[in-house]
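If you want the building blocks of each chain, they are given just below.
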Amino acid sequence: SASFSVTSPDVHSSTRYVFQNWSGDYSGSSNSASVTMDRAKTVTVNWKTQYQLSLHSDHGTVSGAGWYDSGASATFSVTPTTVSGGTGKQYVFTRWSGTGSGSYTGTHSSSTVTMSNPITEDASWKTQYYLTTSENPDAGGNITPAPPGAWYDSGSDATVNATVNSGY
């Protein structure tokens, strides 16, 4: 009797090989087995290739990272797309930037890639600040942005316009 076994998975960075089964003079899907040696025999170990999808984001919660069979579709996302940074500050998802053949680079918060190699997706965010506006209800007129105010990208100019009713 000749015994044989395999250790699975066999990981090489962001690629791994997962034991599927044995073929040849022995067939089965147990990691270890044996054959009776009554003649010359050949046993082949069959593997499937898997690639890792890695996701990175400074804000929100990412989902979909993990190991996928070669050729499989992998769906990933980040939620929520607007995250509070405390009073008057927020972060807004802007885009994914991917590395690896077939990766996704775009503005949808959820996407699907075909796993033909390891893929890394990085979420980008912009910072926004809130400008609070208010009007004197006795004076009349209007202010833009209208109360209570509006969000502006960090580093951008915020324009405030006021029109006053006649007599004020």
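Residues numbered from 1 in each chain as written. Predicted model: local features only at pLDDT ≥ 70, side-chain atom pairs only at ≥ 80, totals over all residues. Heavy atoms only, no water.

> Looking at this structure, I do not really get the nonpolar core. What am I missing?
Inside soluble globular proteins, nonpolar side chains tend to come together where they are buried. Membership of the largest hydrophobic core comes to 17 residues, with the highest contact counts inside it found for Leu53, Phe76, Trp96, Val113, Met115 and Trp125. Listing elements by their share of this core, those giving two or more residues are strand 5 (43-56), strand 8 (73-79), strand 10 (89-99) and strand 12 (119-132). Counting residues in each nonpolar core, the second largest holds six residues, with Phe4, Val6, Phe19 and Val35 among its members. (Core = buried A, V, L, I, M, F, W, Y, C linked by side-chain atoms within 4.5 Å. Buried < 20%, exposed > 50% of the residue type's maximum accessible area, 1.4 Å probe, protein only. Helix = DSSP H or I, 4+ residues; strand = E, 2+ residues; numbered from the N terminus.)

> Explanation requested: the pairing of strand 11 (residues 110-114) in the structure shown.
Strand residues, when the strand is regular, have side chains that alternate between the two faces of the sheet. What you see with strand 11 is a clean split: Ser111 and Val113 sit on the buried side and Ser110, Thr112 and Thr114 on the side with no burial. Relative to strand 11, strand 8 runs antiparallel, the two being bridged by five bridges. In the sheet register, Thr75 faces strand 11, and the bridge partner there is Thr112. (Pairing = 2+ DSSP bridges.)

> It is not clear to me how the sheet that holds strand 8 should be interpreted in this structure. Could you clarify?
As a general point, the strands of a sheet are linked pairwise by backbone hydrogen bonds and lie either parallel or antiparallel. Strand order in the open sheet formed by three strands is 6-8-11, and the pairing between neighbours is antiparallel. Since the sheet does not close on itself, it has two edges, and those belong to strand 6 (61-63) and strand 11, each with one partner. Across the sheet, the mean angle from the axis of one strand to that of its neighbour is 20°, orientation sign disregarded. (Axes fitted to C-alpha atoms, helices over the stretch in contact; angles between N-to-C directions.)

> Before we go on, may I ask you to explain the pattern of salt bridges in this structure?
Close approach of charged atoms lets side chains of opposite charge pair. One pass over the structure, following the stated rule, counts four salt bridges. Here Asp38 ties to Lys41 by a salt bridge, and the two come within 3.2 Å at their closest N and O atoms. (Salt bridge = Lys/Arg side-chain N within 4 Å of Asp/Glu carboxyl O.)

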